[in-house]
Amino acid sequence: MKLLVTGGAGYVGSVCAARLLENGHDVTVVDDLSTGHADAVPPGSTFVQADIAEAAGDLLADGYDGVLHFAAKSLVGESMQDPHKYWQGNVLTSLRLLEAVREHGTPRLVFSSTAATYGEPDTVPIPETAPARPTNTYGATKLAIDHAISSYATAHGLGAVSLRYFNVAGAHGAFGERHTVETHLIPIVLQVALGQREQVQMYGDDWPTEDGTCVRDYIHVTDLADAHLLALDNARPGEHRIYNLGNGTGFSVQQVIETCRAVTGHPIPAAVAPRRAGDPATLVAASDRAREELSWKPKLADLSVIVHDAWEFTRARQQG
Ligand code: UDP
């Protein structure tokens, strides 16, 4: 298929573009490089550096089989302090993209949604039928885009799939996580192992979980990318499907740090710090729908493998 990947210079977008190329698709990446890196765009794709809202119309006029929409602002804390950046950067940009999709009759859209659309869950693991009550602006903007996509599918026959990611981690060879401002647990812990930080702070040890630290469902970025390929194949005109992507197993912050110690052989000092605003205690996915309807099967679900691949990527980058 001829595919447009927005945000293909970012973490998940670059891995997904690489997997699309490995599977023989024709890939164009559009990214404004506000948070992505030009050298993360996989070789073999066509790269257009542009503002997506401005460029989408001209690009899609060329005739594409589908769009994979990754480009987004994605820092929870920042979204609470600067909501305009998120409503503008996520919702308005996506609306402009949807209008270009409608205008040029692009048949398929796969969208990067998030577990943050659910907020504090009533039941864990979380199914797609759980109420969507985001507790932060980031999640609220992603949910608003999900609603807009549903309207476009109904009104204009778009075949759309939203994938609600839980905690994405790991790396796909040379493609991995390289945030300028790092806030995610595994990359931060690995920075301690590399000697770039003295210790990791565990945000709270008094949560209602077994060891008192927050529990999350970590999913390997390669498994996540593969779900996008299946979503493209399963998009049906006029339908907007929503799937959770996670392994269905929760690991606490302490368990993640212990796994990183085992993988890296580094003692990784850790200290307890105050809770972080907006954090739910436990987020674990029920992904039965993706397994049944997309035949998606995560192959790299072992947390040690996820950490190992992230570690290899991090070390390789440090060694230049
Ligand atoms: N976390 C932590 N210390 C850090 C970064 C994260 O204790 O330096 C915790 C965070 O509170 C959450 C979990 O690790 O419970 C995963 O956080 P991350 O930011 O990686 O992903 P999120 O679940 O927020 O999407």
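Our subject in this report is the structure included herewith. Model, not experiment: these values are computed from the prediction.

## Details of the environment of Val5
Move 1: Note that Val5 resides in strand 1 (residues 2-6).
Move 2: Taking the relative accessible area as the measure of exposure, Val5 reaches 0% and is therefore buried.
Move 3: Distance from Val5 to Gln199, taken between C-alpha atoms, is 37 Å for residues 194 residues apart in sequence.
Move 4: Sequence-distant contacts of Val5, that is, excluding residues within four places in its chain, are made with Gly13, Leu20, Val27, Thr28, Val29, Val30, Leu68 and Phe70.

## Quick word on the site of the ligand
Move 1: What surrounds the ligand is a group of 14 residues, the closest being Leu185, Gln201, Arg216, Arg276 and Asp279.
Move 2: Side-chain polar atom of Asn167 to an oxygen atom of the ligand: 2.9 Å apart, as the coordinates give it.
Move 3: Backbone polar atom of Gln201 to a nitrogen atom of the ligand: 2.6 Å apart, as the coordinates give it.
Move 4: Contact with the protein chains hides 89% of the accessible area of the ligand, taken as 510 Å² for the molecule alone.
Move 5: Where the shell around the ligand is concerned, the elements lending two or more residues are helix 6 (185-193) and strand 8 (200-203).
Move 6: Among the elements that line the shell around the ligand, the one with the most residues is strand 8, at three residues.
Move 7: A breakdown of the residues in the shell around the ligand according to their chemical character gives seven nonpolar, four polar and three charged.

## Re helix 2 (residues 52-60)
Move 1: Along helix 2, the residues classified as buried are Ile52, Ala53, Ala55, Ala56, Leu59 and Leu60. Buried positions in helix 2, seen along its axis, are confined to an arc of 160 degrees and lie on one side of it. Opposite the buried face of helix 2, at more than 90 degrees from it, the exposed residues are Glu54 and Asp58.
Move 2: Contacts made by the buried residues of helix 2 are with strand 1, strand 2 (26-31), strand 3 (46-49), strand 4 (66-69) and helix 4 (83-104).
Move 3: Capping the start of helix 2, Asp51 holds a side-chain oxygen 2.9 Å from the backbone nitrogen of Ala53, two or three residues further along.

## As for the packing of aromatic side chains
Move 1: Scanning the model with the defined rule gives zero aromatic pairs in all.
Move 2: Residue placement shows Lys2 over the ring face of Tyr64; its charged tip is 4.7 Å from the ring centre.
Move 3: The residue whose ring lies beneath Arg164 is Tyr118, and the NZ or CZ to ring-centre distance is 5.1 Å.

## A few points about the sheet that holds strand 6 (residues 159-165)
Move 1: Taken together, the seven strands give an open sheet; going across it, the order is 3-2-1-4-5-6-11, and neighbouring strands pair in parallel fashion. Here the strands that pair on one side only, and so sit at the sheet edges, are strand 3 and strand 11 (240-245). Neighbouring strand axes in the sheet, compared pairwise and without regard to direction, differ in orientation by 20 degrees on average.
Move 2: Pairing analysis gives seven bridges linking strand 5 (residues 108-114) to strand 6, with the strands arranged parallel. Bridge pairing in strand 6 links Arg108 to Gly159.
Move 3: The strands touched by helix 2 within the sheet are strand 1, strand 2, strand 3 and strand 4, with strand 1 carrying the most contacts at an inclination of about 175 degrees.
Move 4: Running over the sheet, helix 7 (residues 221-234) touches strand 1, strand 4, strand 5, strand 6 and strand 11 and is turned about 160 degrees from strand 6.

## Points about the pairing of strand 4
Move 1: Neither face of strand 4 is exposed, since Gly66 and Leu68 on one face and Val67 and His69 on the opposite face are all buried.
Move 2: Where strand 1 and strand 4 come together, four bridges link them in parallel fashion. Paired with Thr6 across the two strands is His69, which belongs to strand 4.
Move 3: Relative to strand 5, strand 4 runs parallel, the two being bridged by four bridges. Bridging from a neighbouring strand, His69 pairs with Phe111 of strand 5.

Conventions we followed
- Residues numbered from 1 in each chain as written.
- Predicted model: local features only at pLDDT ≥ 70, side-chain atom pairs only at ≥ 80, totals over all residues.
- Heavy atoms only, no water.
- Helix = DSSP H or I, 4+ residues; strand = E, 2+ residues; numbered from the N terminus.
- Buried < 20%, exposed > 50% of the residue type's maximum accessible area, 1.4 Å probe, protein only.
- Contact = heavy atoms within 4.5 Å.
- Near = heavy atom within 4 Å.
- Polar contact = N/O pair within 3.5 Å; in protein donor to acceptor, adjacent residues only side chain to side chain.
- Areas by Shrake-Rupley, 256 points an atom, 1.4 Å probe, with all protein chains shown as cover.
- Nonpolar A, V, L, I, M, F, W, Y, C, P; charged D, E, K, R; others polar.
- Arc of directions from axis to C-beta.
- Phe/Tyr/Trp six-rings, centres within 6.5 Å; stacked < 30°, edge-to-face > 60°.
- Lys NZ or Arg CZ within 6 Å of the ring centre and 35° of its normal.
- Pairing = 2+ DSSP bridges.
- Axes fitted to C-alpha atoms, helices over the stretch in contact; angles between N-to-C directions.

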